[in-house]
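Here is what each chain is made of, one letter per residue.
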Amino acid sequence: MSVTPLEAIPLDQLRLRSSTKWRKYPADVIPMFVAETDFPLAPAISRALTRAVELGDTGYTPPDPGVAHAYVDFAQRRFGWTVDPARIRTTCDVMMGVVEVLRYVTKPGDRVVITTPVYPPFFTCVEEAGAVVEDVPLVDTGAGWELDLLGIEAALAGGARAVLLCNPHNPTGTVHSRETLAALADLAAGFGAAVISDEIHAPLAHSGVAFTPFLDASPVAAQVGYAIASASKAFNLAGLKCALIITAAESTAQIVRSMPDEVEWRTSLFGAMAAVAAFSPESDAWLDSLLATLDGNRRLLAELLAEHVPGAEYRIPDAGFLAWVDLTALGWGQNPALKVLRDARVALHLGPLFGPQGKGHVRINFGCSPELLREAVERIGALVAP
Ligand SMILES: Cc1ncc(COP(=O)(O)O)c(C=O)c1O
């Protein structure tokens, strides 16, 4: 059944928004850096928030705002994954959830594996938890990216205590296979290490790509893993602050239950209300429409780059609205986003922030209208020498 793509909000209205995407740069810049999207809210979310504003419902978040049950249903419908609501706690945002789990599974100075190129706050959140980053870069297979399981094994054998996984992976849009995740779980179990799986982009796996929740990859993964999820990327709710810490075994659930109540108190009430509405079946049609738009855009970007920016290397991502693009061949230096901002007035995310492999790269946010994507790539193309 074909799904009608979701239309982005017109640019003049987007410019009225007060979020980072629309306020960081002057109005002549097309913003494609931070991971916010340009679509109207899912109607169920608008209704829930409007009602709360009308009621002045702006107090503290109650002990069970309904997020756990809403996510349990969502995970069953969208991923075929059975989650126990008693093994979910909420917190303020995904990165805070990651830090809180890291505090429990590492001691100060312990090493934590990250797999670059990766979402830049992965470096800082490991430090915030008092641990030290050990980089085991993704392997470029020529057709895609994969975890370097041998490298991770060596890091764990050398004493690393945890792996911070990005599943699906930002910035490459890689959806790790069940086999890879199960193998990672076996390695972690063998060395008594933990795996923390950031699954914020999971609702955005494109059709035909099977997303595997880490905790569901194998019985061993259920024992060693912690998943951190949120509605905030798919439903553009980053400013509302609500994330879930999910476990699938009694031992890990105990650890999460033993966290101070403050961790849960930091969940925003508006964030919780919006998450309940986002994860409800009422929002499924909206999410499918969004995915139809993003599917069109991820392919359109390939066509536009081939036409206007020859030399740019881009692999169509399996999930999400972020594109990892190698501009090395253009000779625009180690940080080409700087030139693109200065000369094309398009703000892209800076590749080197994602780790050493980010030299010469940019990250493009295509969570926008196809027209805006076209204009941005045409502007960049105008910089390419004839
Ligand atoms: C992989 C990943 N994790 C976490 C975040 C941030 O999530 P939060 O704002 O809930 O901390 C992002 C934002 O883009 C992300 O891409």
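Notes on the structure follow.

So, how was this worked out
Residues numbered from 1 in each chain as written. Predicted model: local features only at pLDDT ≥ 70, side-chain atom pairs only at ≥ 80, totals over all residues. Heavy atoms only, no water. Helix = DSSP H or I, 4+ residues; strand = E, 2+ residues; numbered from the N terminus. Rg over C-alpha atoms; globule rule 2.2 N^0.38 Å. Areas by Shrake-Rupley, 256 points an atom, 1.4 Å probe, with all protein chains shown as cover. Lys, Arg positive; Asp, Glu negative; His and termini not counted. Charge placed at Lys NZ, Arg CZ, Asp CG, Glu CD. Disulfide = S-S within 2.5 Å. Buried < 20%, exposed > 50% of the residue type's maximum accessible area, 1.4 Å probe, protein only. Pairing = 2+ DSSP bridges. Arc of directions from axis to C-beta. Contact = heavy atoms within 4.5 Å. Axes fitted to C-alpha atoms, helices over the stretch in contact; angles between N-to-C directions. Near = heavy atom within 4 Å. Polar contact = N/O pair within 3.5 Å; in protein donor to acceptor, adjacent residues only side chain to side chain. Nonpolar A, V, L, I, M, F, W, Y, C, P; charged D, E, K, R; others polar. Phe/Tyr/Trp six-rings, centres within 6.5 Å; stacked < 30°, edge-to-face > 60°. Lys NZ or Arg CZ within 6 Å of the ring centre and 35° of its normal.

Time to look at the overall build of the chain. Along the chain, the regular secondary structure elements total 15 helices and 14 strands. Here the C-alpha radius of gyration of the chain, 20 Å, is about what a compact globule of 386 residues would show, namely 21 Å. Oriented by its inertia axes, the alpha-carbon framework of the chain measures out at about 60 × 55 × 40 Å. With the model as given, the accessible surface of the chain reaches about 15600 Å², and the carbon-plus-sulfur share is 55%. For the chain, the distance from the average site of its 30 positive side-chain charges to the average site of its 43 negative ones is 4 Å.

On to the state of the cysteines, then. Applying the stated criterion across every chain yields a total of zero disulfides. For Cys125, which is in no disulfide, the shortest distance to another cysteine sulfur is to Cys166 and amounts to 10 Å. Judged by relative accessible area, Cys125 falls into the buried class, the value being 3%.

Here we come to the pairing of strand β12 (residues 322–326). Burial runs high along β12: five of the five residues are buried. The alternating pattern of β12 places Leu322, Trp324 and Asp326 and Ala323 and Val325 on opposite faces, both of which are buried. Alignment of strand β11 (residues 313–314) against β12, held across two bridges, turns out to be antiparallel. Within β12, the position partnered with Glu313 by the bridge is Asp326.

For helix α14 (residues 336–344), the full list of buried residues reads Pro336, Ala337, Val340, Leu341 and Ala344. Angularly, the buried residues of α14 cover 140° about the axis, an arc narrow enough to put them on a single face. Those residues of α14 that are buried are in contact with β13 (346–350), β14 (361–365) and α15 (370–381). Remark: Arg345 follows α14 within two positions and exhibits a positive phi of approximately 60°.

This next bit is on the sheet that holds strand β2 (residues 88–91). What the seven strands build is an open sheet, ordered β2-β10-β9-β8-β7-β3-β4; its pairing is mixed. Looking at the sheet topology across the chains shown, the edges are occupied by β2 and β4 (132–135). Strand-to-strand twist of the sheet, defined as the mean angle between neighbouring strand axes without regard to direction, takes the value 25°. The sheet strands contacting helix α6 (residues 121–128) are β3 (111–114), β4, β7 (162–166) and β8 (194–198), and the helix crosses β7 at an angle near 150°.

This brings us to the site of the ligand. Taken together, the neighbourhood of the ligand is formed by Ala35, Asp93, Val94, Met95, Tyr119, Cys166, Asn170, Asp198, Ile200, His201, Ser232 and Lys233. Within the backbone of Val94, a nitrogen or oxygen atom sits 2.8 Å from an oxygen atom of the ligand. Taking His201, its side chain carries an N or O atom lying 2.8 Å from an oxygen atom of the ligand. About the coverage of the ligand: the protein hides 92% of its 400 Å² of free accessible area. Considered class by class, the residues forming the shell around the ligand number six nonpolar, three polar and three charged.

All right, on to the side chain of His349 then. Within the secondary structure, His349 is located in strand β13. His349 sits in the buried class, given a relative accessible area of 19%. With residues up to four places along the chain from it excluded, the contact list for His349 reads Met32, Phe33, Ala337, Phe354, Val362 and Arg363.

So, about the packing of aromatic side chains. For the structure on display, the rule yields eleven aromatic pairs. Between Tyr60 and Trp265, the aromatic rings sit 5.4 Å apart at their centres with planes inclined by 85°, giving edge-to-face as the arrangement. Remark: Trp265 occurs in helix α11 (residues 261–265) and Tyr60 occurs in the loop between α3 (43–55) and α4 (67–79); sequence separation between them is 205 residues. Residue classification places Trp265 among the partly exposed residues on the basis of a relative accessible area of 45%. For the ring pair Tyr71 and Phe279, a centre distance of 5.0 Å and an interplane angle of 80° mean the geometry is edge-to-face. Placement of Tyr71 in helix α4 and of Phe279 in helix α12 (residues 269–279) is noted, with a sequence separation of 208 residues between them. We classify Tyr71 as buried; its relative accessible area is 2%. Relative accessible area serves as the criterion here: at 1%, Phe279 is assigned to the buried category. Ring pairing ties together the aromatic residues Tyr71, Phe74, Phe79, Trp81, Phe211 and Phe279, which thus form one cluster. Across the ring face of Trp145, the terminal group of Arg315 is positioned such that the distance to the ring centre comes to 4.3 Å.

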